[in-house]
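# A closer look at the structure
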Amino acid sequence: MSEWFLFLPQVRLDVDDIAERARLAEASGFDGIALIDHLEAPGATHQSIWEAMTVAVWVAARTERLKIGHLVLCDAFRHPAVLAKQAVTLSAASGGRFELGLGAGSWPQEFERFGIETGDAAARVRRLGENLQLLQQYWGDGERAQTPRPDHPIPLVLGGTGKRMMELVRAHADWWNVPSHQLDRLPALLPTVGSARVSLQQMVGFVGRDADRSAVIERSTRLFGHLGDGLVCGDASELTAHFAGLSAHGVERFYVWFADFAAPQTISEFAETVINA
């Protein structure tokens, strides 16, 4: 049985709008929600963006069943001891619904703009590996253990396709997420993920019952065509077949990113006609 997450970047929306969409996703049958983690909106720095962990706490407080996570938190933004404490706190407060998605950082411009020292891409991935080990120490029983320890398992989600990142996936991850613009690498990498379960981020141009098909496809392609195979457009039957095909290839979770910025009608109708199918 596939899991379905609403991927909802906290850009262009008020905090209450985000919580409203989370509650609607929960009521409609989604299993979880995932936010992003940036200090400025990537590619749209004129847009406002809310802080990732704070919004996750707010969403957790306004929902009851929905799993809550990120694609992904930026490792460089938080000391691992602080992140470990935040994760345990949010997991406890939500009754075990928090998942820790973590990455090395995908928008180097913000590091420079805000004075965050990270080094090059290789250094960032190396630091991520070191911090993943530290998280286990903070949550463990050794001299660095924090109190309280986790009352619930905190699943770890890692994304990316580089050689070193795949090593970290095999060593640490409960879930490996395929970025939407790298779906072509899925068949080759699937056998290399070890015990990690596979998730996939997918941009969707959803042609609803009363939608103008050509208008949906035109707008979705204009905004997100640069994602290549990361964007799929279609009606309920076409999308059901698309996701069923990916599921048959071993993908167990879908992070659905709607090209219309998750209009409420889109969330509910997609859940009714695709997820429930």
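Keep in mind it's a predicted model, so treat the numbers as computed, not measured. (Residues numbered from 1 in each chain as written. Predicted model: local features only at pLDDT ≥ 70, side-chain atom pairs only at ≥ 80, totals over all residues. Heavy atoms only, no water.)

### A few points about the UniProt feature "domain: Luciferase-like" (unreviewed entry) in the protein chain
Under the UniProt annotation, "domain: Luciferase-like" (unreviewed entry) lies at residues 14-185. Taken end to end, residues 14-185 comprises 42% helix and 13% strand; its first and last C-alpha atoms sit 35 Å apart. (UniProt positions renumbered as here; feature names shortened; annotations may be inferred. Helix = DSSP H or I, 4+ residues; strand = E, 2+ residues; numbered from the N terminus.)

### Let's talk about unusual backbone geometry
Val72 follows Leu71 through a cis peptide bond whose omega is -20°. Relative to the elements of secondary structure, Val72 occurs in the loop between strand 3 (67-70) and strand 4 (73-74). Residue Pro148 is reached from Thr147 by a cis peptide bond, and omega for that bond is 5°. You can see Pro148 is positioned in the loop between helix 5 (121-138) and strand 6 (156-159). One non-glycine residue, Arg12, lies in the positive phi region at around 75°. Within the fold, Arg12 resides in the loop between strand 1 (3-7) and helix 1 (15-28). A positive phi angle is found at Ala262, which is not glycine, with a value near 60°.

### Some words on the pattern of salt bridges
Counted under the stated rule, the structure contains 15 salt bridges. Across the pair Asp37 and Arg78 runs a salt bridge whose closest N-O atoms are separated by 2.8 Å. Note that Asp37 is positioned in the loop between strand 2 (32-35) and helix 2 (52-62) and Arg78 in the loop between strand 4 and helix 3 (80-93), a separation of 41 residues in sequence. The salt bridge partner of Glu269 is Arg209, with a shortest N-O separation of 3.9 Å. Of this pair, Glu269 sits in helix 10 (residues 264-275) while Arg209 sits in the loop between strand 8 (197-206) and helix 8 (213-224), and the two are 60 residues apart along the sequence. You can call Glu269 buried: its relative accessible area is 7%. (Salt bridge = Lys/Arg side-chain N within 4 Å of Asp/Glu carboxyl O. Buried < 20%, exposed > 50% of the residue type's maximum accessible area, 1.4 Å probe, protein only.)

### Observations regarding the pairing of strand 10 (residues 251-258)
With 7 of 8 residues buried, strand 10 lies mostly within the body of the structure. As judged from the 4 bridges shared by strand 1 and strand 10, these two strands associate in the parallel manner. Bridge pairing links Trp4 to Phe254 in strand 10. As paired strands, strand 8 and strand 10 are joined by 7 bridges and run parallel to one another. Across the sheet, the residue bridging to Gln202 is Val256, located in strand 10. (Pairing = 2+ DSSP bridges.)

### Some words on the side chain of Arg21
Structurally, Arg21 can be placed in helix 1. It is Asp17 that comes nearest to the buried, bridge-free Arg21 among opposite-charge side chains, at 4.6 Å. What Arg21 contacts, discounting residues up to four positions off in sequence, is Leu6, Leu8, Leu13, Phe261, Ala262, Ala263, Pro264 and Ile267. (Lys, Arg positive; Asp, Glu negative; His and termini not counted. Contact = heavy atoms within 4.5 Å.)

### A closer look at the environment of Ala104
Turning to its location among the elements, Ala104 is positioned in the loop between strand 5 (100-103) and helix 4 (108-113). For the pair Ala104 and Gln133, spaced 29 residues apart in sequence, the C-alpha separation works out to 14 Å.

### Some details on the packing of helix 1 against helix 2
The interhelical angle for the contact between helix 1 and helix 2, taken along N-to-C directions, is 45°, at an axis separation of 9 Å. Here helix 1 is positioned oblique relative to helix 2, judged by the angle of their axes. The handedness of the crossing between helix 1 and helix 2 comes out as right-handed. Here Val15, Asp16, Ile18, Ala19, Ala22 and Arg23 of helix 1 lie close against helix 2, whose contacting residues are Val55, Trp58, Val59 and Arg62. Within the contact of helix 1 with helix 2, the residues separate by chemical class into 7 nonpolar, no polar and 3 charged. (Axes fitted to C-alpha atoms, helices over the stretch in contact; angles between N-to-C directions. Parallel < 35°, antiparallel > 145°, perpendicular 65-115°, else oblique. Left-handed = near helix turned anticlockwise from the far one by under 90°. Nonpolar A, V, L, I, M, F, W, Y, C, P; charged D, E, K, R; others polar.)

### Considerations on the environment of Leu135
By the element assignment, Leu135 lies in helix 5. Separated by 10 residues in sequence, Leu135 and Ala145 place their C-alpha atoms 9.2 Å apart. In contact with Leu135, other than residues within four places in its own chain, are Pro80, Leu83, Ala84, Leu100 and Leu102.

### A closer look at the nonpolar core
The tendency in soluble globular proteins is for nonpolar side chains to be buried as a group. Core analysis: the largest hydrophobic core is formed by 70 residues, its most contacted members being Phe30, Trp176 and Phe270. Residues Phe7, Ala34, Leu71 and Trp257 belong to the second largest nonpolar core, which totals 18 residues. (Core = buried A, V, L, I, M, F, W, Y, C linked by side-chain atoms within 4.5 Å.)

### Side note on helix 5
The end-to-end C-alpha distance of helix 5 is 25 Å, a good match for the 26 Å that 18 residues give at a rise of 1.5 Å each. What helix 5 keeps buried is the set Ala123, Arg124, Val125, Leu128, Gly129, Asn131, Leu132, Leu134, Leu135 and Tyr138. Tucked into the core, helix 5 has its buried residues touching helix 3, strand 5, helix 4, strand 6 and helix 6 (163-172). (Expected span 1.5 Å × (residues − 1).)

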